[in-house]
Structure formats: structure tokens, C-alpha cells
Amino acid sequence: MTKILIAEDDDHTRDALREVLTMEGYEVIPASDGLQAVDFFRAENPDFVCLDVMMPGLNGYEVCKQIRRQDEKVPILFLTAKAEEIDTVLGLELGADDYMTKPFGVKEIIARIRAILRRTASRGGGRTDDDFMMDDLRVVPTELRAYRDKNEVALSPRDVKVLRLLYERRGKVIDRNTLADEVWGVDYFPESRALDQHISQLRKRIEKDPAQPRIIRTVHGAGYRFE
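Residues numbered from 1 in each chain as written. Predicted model: local features only at pLDDT ≥ 70, side-chain atom pairs only at ≥ 80, totals over all residues. Heavy atoms only, no water.

Participant: What is the right way to look at the overall build of the protein chain in this model?
Facilitator: A tally of helices and strands in the protein chain yields eight helices and eleven strands. Looking at the protein chain as a whole, 44% of its 227 residues are labelled buried. Taking all contacts inside the protein chain whose residues are at least 6 apart in sequence as the whole, residues at least 24 apart take part in 55%. (Helix = DSSP H or I, 4+ residues; strand = E, 2+ residues; numbered from the N terminus. Buried < 20%, exposed > 50% of the residue type's maximum accessible area, 1.4 Å probe, protein only. Contact = heavy atoms within 4.5 Å.)

Written out as C-alpha cells, the structure reads:
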């Protein structure tokens, strides 16, 4: 489960974000000030950080600096009521991935978080660059390749996302909607057959026997699973 650290001193905004993101399937770590945010980041190792700019203890810019000293890749989204261009530039120069000005809608921030996660994953950022094994297949996200013995399989960024999701939730069934939402994001249309076609083509490249898959198994009427 993707962990998101929310550092926001306004109780109403923080609680609303926690509720919405939890309902979307994220694990949320709430922090009410900058010092707490730094402590929670070090202790919890989150996959994504939302930082309010104006916070007691340490402001968002200072928190961002400390996070970047520890982790150069974790995605950071600034949240602020300040809309001046200089603030936006400063936040991005400090290493933030994006910047949102309050007030914002629920759908807007969810879409922005998903977009940043997709973008950082496709460029090898975030925490998606570690090699992992699926049966006898070694997946190397940073190379967009997989290896079986001496054989090499080329992968697309979307292939890697599919395999990573199945690997991280191994043993659990991932339904089509969840898989489509995580991999295709807001651009995916539920009536599209793109997901099934993608899985079929991916199996042909990574399975020893696509007719008897060991990596991407179909759970009929439910979704897909990797044991």
C-alpha cells in the first residue's frame, strides 16, 4: 500500500485529506507541523509527501530541504494558500515535484497525486527502482528489462507498473478496476479492453507458457494474482 505523509497544520484540511486518501486505498500518515513531519518521514519512510508551506515549527520549504537530504527521489507536492510565482519557483527549486494552491477540489488533488506517482515511476523515481523476482523472472525497473537465465525481455514503463503492483500485493487478487486505476490512472476508460489486451501481450513475453501462466494468473470473475 502506498504511504502518503500529509503535513498540514489546519485540522480540517488535514482530516479531510486523510479521509479522502484513505478511501482511495492509500495509507495516510498525518503530521500537524513541520517538526513532526520530519520525524514521521524518518520513521515511516513514506512513498509520497504532501507539504503545506506555512506550518509551525518548520515551514514546508525547510521540511523539503531536510527530506531531500535524506531522499532525493520521493515525490513531494506542496500545498499552499500563497499563489505568488516566486513561491512556486522556490518550491520547485528545492526539489518539489509539483505545487497546488488552496482551495482545491478532492478530485483535483487525487488526480495530481496519481499523475506525480506515474511520472516519477516512469522516470525511475520514487521507490520503484529496486529489482524484484517473480517466479524465475528478475524484473529490473531501471533498465525496463526482465531476465530469465540468459534471456532478456524488454518492458515498457506500463509493464513495470503492472508487474510491480502484482509483486507488491502477491498472494492477493487485484481486481480489474484497481489495476486499471493504478496503472492507467485518470486516462483509463472502464469500457476499454486495453487492460486485458495489455495483460495478454505481456504474458506472451514473460511467461514460459502463456497458456499456463505462473506470474500473471487470472482469477475468473475477480481479477489477477501473482502467488
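Participant: Where do I start with the environment of Pro-210 in this structure?
Facilitator: Take Pro-210: it is sitting in the loop between helix 8 (194–206) and strand 10 (217–219). On the basis of relative accessibility, which here comes to 35%, the residue Pro-210 falls in the partly exposed class. Considered as a pair, Pro-210 and Ser-200 are ten residues apart in the sequence and their alpha carbons are 8.3 Å apart. Not counting residues within four places of it along the chain, the set of residues in contact with Pro-210 comprises Arg-203 and Lys-204.

Participant: Help me out: how do you make sense of the sheet that holds strand 2 (residues 27–31) in this one?
Facilitator: Sheet strands pair via backbone hydrogen bonds, and the direction of the pair is either parallel or antiparallel. Read from one edge to the other, the open sheet built from five strands follows the order 2-1-3-4-5, with strand pairing classed as parallel. Both edges of this open sheet fall to strand 2 and strand 5 (98–101), since each of them pairs with a single strand only. When the angles between neighbouring strand axes are averaged without regard to direction, this sheet yields 20°. When strand 1 (residues 3–7) meets strand 2, the two strands line up parallel, connected through five bridges. Looking at the pairing, Ile-6 lines up with Pro-30 of strand 2. The strands touched by helix 3 (residues 60–70) within the sheet are strand 3 (48–52), strand 4 (76–80) and strand 5, with strand 4 carrying the most contacts at an inclination of about 175°. (Pairing = 2+ DSSP bridges. Axes fitted to C-alpha atoms, helices over the stretch in contact; angles between N-to-C directions.)

Participant: Looking at this structure, how should I read the pattern of salt bridges?
Facilitator: A side chain of one charge can pair with a side chain of the opposite charge when the charged atoms of the two come close. For the structure shown, the criterion picks out 20 salt bridges. A salt bridge links Asp-11 to Arg-14; the nearest nitrogen and oxygen atoms lie 2.7 Å apart. Of the two residues, Asp-11 and Arg-14 both sit in helix 1 (residues 11–23), three residues apart, roughly one turn of that helix. You can call Asp-11 partly exposed: its relative accessible area is 48%. One salt bridge connects Arg-205 with Asp-159, and the closest N-O pair in it is separated by 3.0 Å. Remark: Asp-159 occurs in helix 6 (residues 157–168) and Arg-205 occurs in helix 8; sequence separation between them is 46 residues. Its relative accessible area of 2% is what places Asp-159 among the buried residues. Three or more residues are tied together by salt bridges with common partners; here these are Glu-8, Asp-52 and Lys-102. (Salt bridge = Lys/Arg side-chain N within 4 Å of Asp/Glu carboxyl O.)

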